[in-house]
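Results of the structural survey
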Amino acid sequence: MADHWIQGAVKHPGALTAAAKRNGRSKLQEAKAEAKSSNPHIRARGVLGERFIKGDLRK
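Owing to the predicted nature of the structure, the values given are computational and were not obtained by experimental measurement. (Residues numbered from 1 in each chain as written. Predicted model: local features only at pLDDT ≥ 70, side-chain atom pairs only at ≥ 80, totals over all residues. Heavy atoms only, no water.)

1. A few points about the overall build of the chain
- When helices and strands are tallied, the chain shows 3 helices and 0 strands.
- Listing the helices and strands of the chain from first to last along the sequence gives α-α-α.
- Looking at the chain residue by residue over its 59 residues, the buried ones come to 20%.
- Nonlocal contacts in the chain, meaning residues at least 24 apart in sequence, comprise 26% of its contacts between residues at least 6 apart.
- Summing over all exposed atoms, the chain offers an accessible surface of approximately 4,800 Å²; the carbon and sulfur share of this is 55%. (Helix = DSSP H or I, 4+ residues; strand = E, 2+ residues; numbered from the N terminus. Buried < 20%, exposed > 50% of the residue type's maximum accessible area, 1.4 Å probe, protein only. Contact = heavy atoms within 4.5 Å. Areas by Shrake-Rupley, 256 points an atom, 1.4 Å probe, with all protein chains shown as cover.)

Laid out in structure tokens, this is it:
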């Protein structure tokens, strides 16, 4: 239970994957593109997605 605490904090699981599929990119490419967005909600999703993919949750 303690190992998966972050899963409960994610508001829309699968949103990054759906956006990547829609745009024809990999999840990491989509996360990097979203991390540069001017929309703060999309930017946060991108930054968090990068951290999840890289496995760097303690940053």
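2. A few points about the packing of helix 1 (residues 15-23) against helix 3 (residues 40-54)
- For the pair helix 1 and helix 3, the least separation of the axes is 10 Å and the interaxial angle reads 100 degrees. Viewed along their axes, helix 1 and helix 3 adopt a mutual orientation that is roughly perpendicular. Seen from helix 1, the contacting residues are Ala15, Leu16 and Ala19; seen from helix 3, they are Arg45, Gly49 and Ile53.
- In terms of residue class, the contact of helix 1 with helix 3 is made up of 4 nonpolar, 1 polar and 1 charged. (Axes fitted to C-alpha atoms, helices over the stretch in contact; angles between N-to-C directions. Parallel < 35°, antiparallel > 145°, perpendicular 65-115°, else oblique. Nonpolar A, V, L, I, M, F, W, Y, C, P; charged D, E, K, R; others polar.)

3. Points about a nonpolar patch on the surface
- On the surface, Leu48, Phe52 and Ile53 cluster together into a nonpolar patch covering about 220 Å² of accessible area.
- Relative to the helices and strands, phenylalanine 52 is located in helix 3. (Patch = residues over 30% accessible without salt bridge, like charges linked within 9 Å, V, L, I, M, F, W, Y side chains within 5 Å. Salt bridge = Lys/Arg side-chain N within 4 Å of Asp/Glu carboxyl O.)

4. Considering the side chain of serine 37
- Here serine 37 lies in the loop between helix 2 (27-34) and helix 3.
- A relative accessible area of 18% places serine 37 in the buried class.

5. Notes on the side chain of glutamate 30
- Summarising the element assignment, glutamate 30 is placed in helix 2.
- Excluding anything up to four places from it in sequence, glutamate 30 contacts Leu16, Ala19, Ala20, Asn23 and Arg25.

6. Thoughts on the environment of leucine 48
- The residue leucine 48 is located in helix 3 in this model.
- Leucine 48 sits in the partly exposed class, given a relative accessible area of 31%.
- Counting along the chain gives 38 residues from leucine 48 to valine 10, while the straight-line C-alpha distance between them is 9.3 Å.

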